[in-house]
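Residue-level listing of the chains:
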Amino acid sequence: MIRIRLSLVSVFLGCTLHCACADVVLTAARALAQSKAALPVDGAEERSQPFDLPSGNTQTPITDRDTLTALGLPGSFGTWDMVSFGAPEDAAPAAYPSASDFIFVPAEASIAAGVFRYNAATQTFATLLLGDGAGRESNPANFDPLQDNFRNLDPATYTSFGTVLTGEETTGGRLFEIQNPLAADPAEARVRWLAKVPAVAHEGLRFDAAGSLYFVDENVSGCLYKFVPQAPEDLSTGQTFVLALDGWAGASDEDWDSATNQAETRTGSATWLPLTDAAGAALTTADPFAFVSTTGGRTAADEVGATPFGRPEDIVITSVNGFEVLLFSATSENTVYSVRLDTGLTATVKVFVDRSTLDIATASAVGSSFSAPDNLAVDTAGNIYIIEDQGPPHSDIWQAVDADGDGIAEQVGRWLSNGVAGSEPSGLIFDPHDPNRALVVVQHPASGNDALWEVRTGPPPPMLPVSVALPAGGGTVTLARSGGELVLSKLGSEILRRRVADVSTLFIFGTAGGDDVLSLDMSGGDPIPASGVVFYGGVGGHDSIELRGSAADVVFDFSASSIEIDGSTIFYSGLE
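1. Side note on the overall build of the protein chain
Counting its regular elements, the protein chain contains three helices and 39 strands. Over its C-alpha atoms, taken along the principal directions, the protein chain stretches across nearly 85 × 55 × 50 Å. Going through the 576 residues of the protein chain one by one, you find that 56% of them count as buried. In the protein chain, once contacts between residues fewer than 6 apart in sequence are set aside, the share between residues at least 24 apart is 59%.

2. Focus: the pattern of salt bridges
Inspection of the entire model under this criterion finds 25 salt bridges. For Arg497, the salt bridge identified is with Glu485, shortest N-O distance 2.5 Å. In this pair, Arg497 sits in strand 32 (residues 493–499) while Glu485 sits in strand 31 (residues 485–490), placing the two residues twelve residues apart along the sequence. Per residue, the accessibility class of Arg497 equals that of Glu485, and both read buried. Here the salt bridges do not stand alone but share partners, grouping Asp42, Arg47, Asp64 and Asp66 into one network.

3. What about the sheet that holds strand 19 (residues 335–341)?
Spatial ordering of the open sheet is given by 12-13-14-15-16-20-19-18-17, a layout of nine strands whose pairing is antiparallel. Strands at the two margins of the open sheet, each flanked by one partner only, are strand 12 (205–207) and strand 17 (312–320). Direction aside, neighbouring strands of the sheet carry axes that sit 30 degrees apart on average. The sheet contact formed by strand 14 (residues 224–231) and strand 15 (residues 234–245) spans six bridges and is antiparallel. Bridge pairing links Lys226 to Phe241 in strand 15. Most of the contacts of helix 3 (residues 296–304) go to strand 14, to which it runs at about 105 degrees, and overall it touches strand 14, strand 15 and strand 16 (268–274).

4. Describing the sheet that holds strand 26 (residues 424–430)
Within the open sheet, the four strands sit side by side as 3-28-27-26. Their pairing is antiparallel. This sheet does not close on itself; its edge strands, each paired only once, are strand 3 (58–64) and strand 26. Adjacent strand axes in the sheet meet at a mean angle of 25 degrees when their direction is disregarded. Across six bridges, strand 27 (residues 437–443) lies against strand 28 (residues 451–456) in antiparallel orientation.

5. Quick notes on the layout of surface pockets
Unoccupied space between atoms shows up once a probe the size of one water molecule is rolled over them. Counted as a void, the largest pocket has a volume near 920 Å³. Contributing to the lining of the largest pocket are 45 residues, with Pro88, Glu89, Asp90, Phe207 and Ile317 lying nearest its centre. Breaking the lining of the largest pocket down by element, the ones donating at least two residues are strand 8 (157–158), strand 12, strand 14, strand 17, strand 22 (373–378) and strand 26.

6. With respect to helix 3
Owing to its 3.6 residues per turn, the α-helix aligns residues three or four sequence positions apart on the same side. Among all positions of helix 3, only Gly296, Gly297, Arg298, Ala300 and Ala301 are buried. Check the buried side of helix 3 and you find it contacts strand 14 and strand 15. Of the residues trailing helix 3, Gly305 is marked for its positive phi of about 85 degrees.

7. Here's the deal with the side chain of Thr170
By the secondary structure assignment, Thr170 is in the loop between strand 9 (164–167) and strand 10 (175–178). Among all residues touching Thr170, those that are not within four sequence positions of it are Arg136, Arg151, Asn152, Val200 and Ala201.

8. Topic: the environment of Gly280
Residue position: Gly280 is located in the loop between strand 16 and helix 3. Among the residues examined, Gly280 registers a relative accessible area of 0% and is labelled buried. Separated by 52 residues in the primary sequence, Gly280 and Val228 place their C-alpha atoms 9.7 Å from one another.

9. So, the pairing of strand 23 (residues 384–388)
Of all five residues in strand 23, five are buried; the element is thus mostly enclosed. Of the two faces of strand 23, the one lined by Ile384, Ile386 and Glu388 and the one lined by Tyr385 and Ile387 are each fully buried. By the bridge criterion, four bridges tie strand 22 to strand 23 in an arrangement that is antiparallel. Residue pairing for strand 23: Leu376 is matched across the bridge by Ile386. Taking the residues that link successive antiparallel strands as the turn, the strand 22-strand 23 hairpin has five residues, and the phi of Gly382 there is positive, at about 90 degrees. When strand 23 meets strand 24 (residues 396–401), the two strands line up antiparallel, connected through four bridges. Residue pairing across strands places Tyr385 opposite Gln399, the latter belonging to strand 24.

10. Concerning a negative patch on the surface
On the surface, Asp553, Asp557, Glu564 and Asp566 cluster together into a patch of negative charge. Summarising the element assignment, Asp557 is placed in strand 37 (residues 554–557).

11. Side note on unusual backbone geometry
Going from Pro392 to Pro393, the amide bond is cis rather than trans, its omega being 15 degrees. Tracing the backbone through its elements, the reader meets Pro393 in the loop between strand 23 and strand 24. Notably, Glu233 is not glycine yet its phi reads approximately 65 degrees, a positive angle. Note that Glu233 resides in the loop between strand 14 and strand 15. For Ala363, which is not glycine, the phi dihedral falls at a positive 65 degrees.

12. As for the environment of Leu327
Tracing the backbone through its elements, the reader meets Leu327 in strand 18 (residues 323–330). We classify Leu327 as buried; its relative accessible area is 2%. With eleven residues separating them along the chain, Leu327 and Ser338 place their C-alpha atoms 4.4 Å apart. With sequence-adjacent residues up to four places away left out, Leu327 is seen in contact with Asp314, Ile315, Val316, Thr318, Val336, Tyr337, Ser338, Phe352, Leu376 and Ile384.

13. Looking at the nonpolar core
One finds Phe104, Phe150, Leu153, Phe176 and Ile178 to be the most contacted residues of the largest nonpolar core, which totals 28 residues. Of all hydrophobic cores here, the second largest spans 25 residues; its members include Leu470, Leu479, Leu488 and Val533.

14. Some details on the environment of Val336
As for its position among the elements, Val336 is in strand 19. A residue is classified by how much of its surface remains accessible, and Val336, at 0% relative accessible area, is buried. Remark: the alpha-carbon pair of Val336 and Ala409, spanning 73 residues in sequence, is separated by 9.8 Å. Setting aside its immediate chain neighbours within four residues, Val336 contacts Leu327, Phe328, Ser329, Lys350, Val351, Phe352, Val353, Phe370, Pro373, Leu376 and Ile386.

Scoring rules and cut-offs
- Residues numbered from 1 in each chain as written.
- Predicted model: local features only at pLDDT ≥ 70, side-chain atom pairs only at ≥ 80, totals over all residues.
- Heavy atoms only, no water.
- Helix = DSSP H or I, 4+ residues; strand = E, 2+ residues; numbered from the N terminus.
- Buried < 20%, exposed > 50% of the residue type's maximum accessible area, 1.4 Å probe, protein only.
- Contact = heavy atoms within 4.5 Å.
- Salt bridge = Lys/Arg side-chain N within 4 Å of Asp/Glu carboxyl O.
- Pairing = 2+ DSSP bridges.
- Axes fitted to C-alpha atoms, helices over the stretch in contact; angles between N-to-C directions.
- 1 Å grid on protein atoms, 1.4 Å probe; cavity = no way out; pocket = protein on both sides within 12 Å on 5 of 7 lines; lining within 4 Å.
- Points joined across faces, edges and corners; volume = space filled by probe spheres on them.
- Patch = residues over 30% accessible without salt bridge, like charges linked within 9 Å, V, L, I, M, F, W, Y side chains within 5 Å.
- Areas by Shrake-Rupley, 256 points an atom, 1.4 Å probe, with all protein chains shown as cover.
- Lys, Arg positive; Asp, Glu negative; His and termini not counted.
- Charge placed at Lys NZ, Arg CZ, Asp CG, Glu CD.
- Core = buried A, V, L, I, M, F, W, Y, C linked by side-chain atoms within 4.5 Å.

Keep in mind these values describe shape, not function.
Written as structure tokens, this is what we have:
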């Protein structure tokens, strides 16, 4: 270990913060005019350019099933679906500094499904949930997450309280919470079955600002549900509601398009009808919590007269004109609905997009070009994206334009078209740290090689300077590298964590009168960002820098108040 104590020399570095945010709204000139044709199975283009995109957008592979299987990914982990970053979609970037690197991926397999976490910085993965290929437990009292055959896990949704939700899109589907999503393996992941959430075929999962959870039943007689936790951030107990259009007189237990239901409208004012009380006890004769062999939540919804839709699949929630607005896709109806969340028990339902909506590229009704809407996404500017549930040559992602915010889109345009044979795009989600970056999955391709891709709507973000003030009291703080991240900590407690790729210069300000020691730990790699570290020890005290680990070349430049370590530079001031 080398300890450096140097005299006070003043140093000043200036910087300018700026942001690169591309204009992602489609115009007639930029919207794709047609769908991409199917590509050769497992050919070079599948691995290099699976999508057609508007001019100025780019596509880059992140990882794929073949690569991860060679590294030990469970063999059953095919059919990747709705991924999540390590943060809620509406999160402030500073609250989740590692969000861009941690990607949670559900495998919608019919046997031994599961969820894994991929670290884009280190290109490694960890399995969090893995089915054993045996039976599915229907009694919550007997549930063991290490001995259960999870089936058709569709979503992965990161919560505001640091957990990940996933659910089964199948008969009697169960909802699970991964309470320790940064675990090394399933034994540490602390998975619990949220048994007070009724049994449905789960897909979309989203929270409103008050913490209520919305979910759908992916069925041709499926409904929209709301779960209100009894205690904040605790999904173990709560009250469940189901949506019913006011005055709707159809047959709840029939398909959305049955002879009885065809004449009934599914728009207008609506009410949330309770299925349980606040503690989760059923208010219906039918048991909402009949799992696995039957779908209890659907039977209970039929009993209270809920409105059925044609295969509701995904959900997003956004804010428009002072209201929270939920959007959900109804795949069999070729429709996306908007639901304005008016009060705790009332809502207003409108058709957001259907085949009568104008196509940006043609200025005519989009017609049959828009088919089987499935997954939804919202970017940081509030634009809504709609993914089709079908393979090429009709496997597109559309952007919707609702310029006046009335819950009815004026236009839709093709934003991305998938050409991978046998596949559909899925799991589109936008990076909370980078408004120009999105992830999208190539799901169940004919090649069997599910893949995760990055799509950029503009240039890469600039590296920006980061400043941090050390805690009062002095002492040693350690700057180390952990994979693709810089970590500043004191006595094992993190002060700062940032991606290496995001930081240009790291400014560290010591405390007045404190004995501040900056310890550079080289054991995990070089922790100094591209434009260096600036350490100001502060007035008074005995401040110093130390180097831990090995370095091939250390150069002291006293005139410049700098230390160069293997080509990386530390600038210092206020050391004694």
